[in-house]
Amino acid sequence: MEEFERAFEKGNEFASGTGLLKSNGRWRLVVFPGNLGDNNTRTRYEKLGEALGAPNSFIRRYTPRGKPFDSLIEVLTVHTGSRKDIDLLELPETFHPNHGAMGWDYWKVYSDEESYHEGHGQAYRNYGIDPNLGASVIIRPDQYISRIGEVDDYQMMLRFFGGFMVKQMSPS
């Protein structure tokens with residue numbers, strides 16, 4: 001975790017120099033779970049997905065009524081497994097929400113391996129994340145890192161957003 005924090009001491013911008021994660025006005029929760037092919041890792045990831053997608057989750061609590069699930073806080077995943085080994089429809093919907101007529105959002109889950117079209121992966125190595133431990137990163141809409149924590153520390157995320165967000169709707 002310290003290596004990850006040091007990687008951003010200079011400027012503190014998550015995507016500094018990469019151009020891959022452009023600001024879209026939303027908060028971002030980037031989950032680095034490690035290898036989703038590992039049963040323990042997959043279990044932790046799925047439990048986090050259940051908590052984030054629950055009717056009383058902080059994401060639903062602060063998202064304005066009638067807006068898509070990911071319109072305020074976008075959840076992204078960068079895993080270390082092969083993209084060929086992961087069936088996105090087997091992951092909790094939180095990590096690839098369905099937008100009705102637009103269908104499933106396949107632009108939320110990324111594999112940290114060489115791309116078919118652009119550059120190389122190596123985010124874990126470049127950011128100093130131990131793939132066996134993972135991490136979760138909360139990024140402000142202006143791309144600055146607000147919080148770095150354990151991959152599945154839902155309570156930390158809840159406390160963080162609860163410290164300043166305004167409740168928009170009653171959890172169902």
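Residues numbered from 1 in each chain as written. Predicted model: local features only at pLDDT ≥ 70, side-chain atom pairs only at ≥ 80, totals over all residues. Heavy atoms only, no water.

- As named in an unreviewed UniProt entry, the protein is Thioredoxin-like protein, taken from Aspergillus tamarii.

**As for the overall build of the protein**
Working step 1: Each helix and strand counted, the protein has five helices and five strands in total.
Working step 2: Reading the helices (α) and strands (β) of the protein from amino to carboxyl end gives α-β-α-α-β-β-α-β-β-α.
Working step 3: The contacts of the protein with a sequence gap of at least 6 include a subset with a gap of at least 24, amounting to 68%. (Helix = DSSP H or I, 4+ residues; strand = E, 2+ residues; numbered from the N terminus. Contact = heavy atoms within 4.5 Å.)

**Some thoughts on helix 5 (residues 154-162)**
Working step 1: For helix 5, every residue scored as buried is listed here: Tyr154, Met156, Met157, Phe160 and Phe161. Along the axis of helix 5, the buried residues cluster in a sector spanning 160°; they form a single face.
Working step 2: On its buried face, helix 5 sits against strand 1 (27-34), helix 2 (39-53), helix 3 (58-62), strand 2 (73-79), strand 4 (135-139) and strand 5 (145-149). (Buried < 20%, exposed > 50% of the residue type's maximum accessible area, 1.4 Å probe, protein only. Arc of directions from axis to C-beta.)

**With respect to helix 2**
Working step 1: With 15 residues, helix 2 extends 21 Å from end C-alpha to end C-alpha; this agrees with the ideal 21 Å at 1.5 Å per step.
Working step 2: Inspection of helix 2 places Thr41, Arg42, Tyr45, Leu48, Gly49 and Leu52 among the buried residues, and these make up the whole buried set. Seen along its axis, helix 2 keeps its buried residues to an arc of 125°; they face one direction. Facing away from the buried side of helix 2 by over 90 degrees, the exposed positions are Asn39, Asn40, Lys47 and Glu50.
Working step 3: On its buried side, helix 2 packs onto strand 1, helix 3, strand 2, strand 3 (109-111) and helix 5.
Working step 4: Its side-chain oxygen 3.3 Å from the backbone nitrogen of asparagine 40, aspartate 38 forms the N-cap of helix 2. (Expected span 1.5 Å × (residues − 1). Polar contact = N/O pair within 3.5 Å; in protein donor to acceptor, adjacent residues only side chain to side chain.)

**Notes on the sheet that holds strand 2**
Whenever strands of a sheet pair, they do so through backbone hydrogen bonds, lying parallel or antiparallel.
Working step 1: Read from one edge of the open sheet, five strands run 3-2-1-4-5, paired in mixed fashion. The sheet is open, and its two edges are formed by strand 3 and strand 5, each paired on a single side. On average, adjacent strands in this sheet sit at an angle of 20° to one another, irrespective of strand direction.
Working step 2: Taken together, the five bridges between strand 1 and strand 4 define a ladder with antiparallel strand orientation. Looking at strand 4, one finds that valine 31 is bridged to serine 136.
Working step 3: Here helix 2 sits on the sheet and contacts strand 1, strand 2 and strand 3; the angle it forms with strand 1, its principal contact strand, is near 160°.
Working step 4: The sheet contacts of helix 5 involve strand 1, strand 2, strand 4 and strand 5, and relative to strand 4 the element is tilted by about 10°. (Pairing = 2+ DSSP bridges. Axes fitted to C-alpha atoms, helices over the stretch in contact; angles between N-to-C directions.)

**Looking at the side chain of aspartate 70**
Working step 1: Along the polypeptide, aspartate 70 turns up in the loop between helix 3 and strand 2.
Working step 2: Judged by its relative accessible area of 4%, aspartate 70 falls in the buried class.
Working step 3: Aside from chain neighbours lying at most four places away, what touches aspartate 70 is Arg26, Pro97, His99, Asp105 and Lys108.

**A few points about the nonpolar core**
Working step 1: In terms of nonpolar packing, the biggest core is built from 27 residues, with Leu52, Phe58 and Phe161 touching the most fellow members.
Working step 2: Only strand 1, helix 2, helix 3, strand 2 and helix 5 provide two or more residues apiece to this core.
Working step 3: Among the elements that take part in this core, helix 5 stands out by supplying five residues, more than any other.
Working step 4: Those residues in contact with phenylalanine 58, other than ones at most four positions away along the chain, are Leu52, Ile73, Tyr154, Met157, Leu158 and Phe161. (Core = buried A, V, L, I, M, F, W, Y, C linked by side-chain atoms within 4.5 Å.)

**Describing a nonpolar patch on the surface**
Working step 1: A cluster of nonpolar residues, Leu89, Trp104, Tyr106, Trp107 and Tyr110, forms a patch on the protein surface that exposes about 580 Å² of accessible area.
Working step 2: Looking at the secondary structure, you find tryptophan 104 in the loop between strand 2 and strand 3.
Working step 3: A relative accessible area of 33% places tryptophan 104 in the partly exposed class. (Patch = residues over 30% accessible without salt bridge, like charges linked within 9 Å, V, L, I, M, F, W, Y side chains within 5 Å. Areas by Shrake-Rupley, 256 points an atom, 1.4 Å probe, with all protein chains shown as cover. Salt bridge = Lys/Arg side-chain N within 4 Å of Asp/Glu carboxyl O.)

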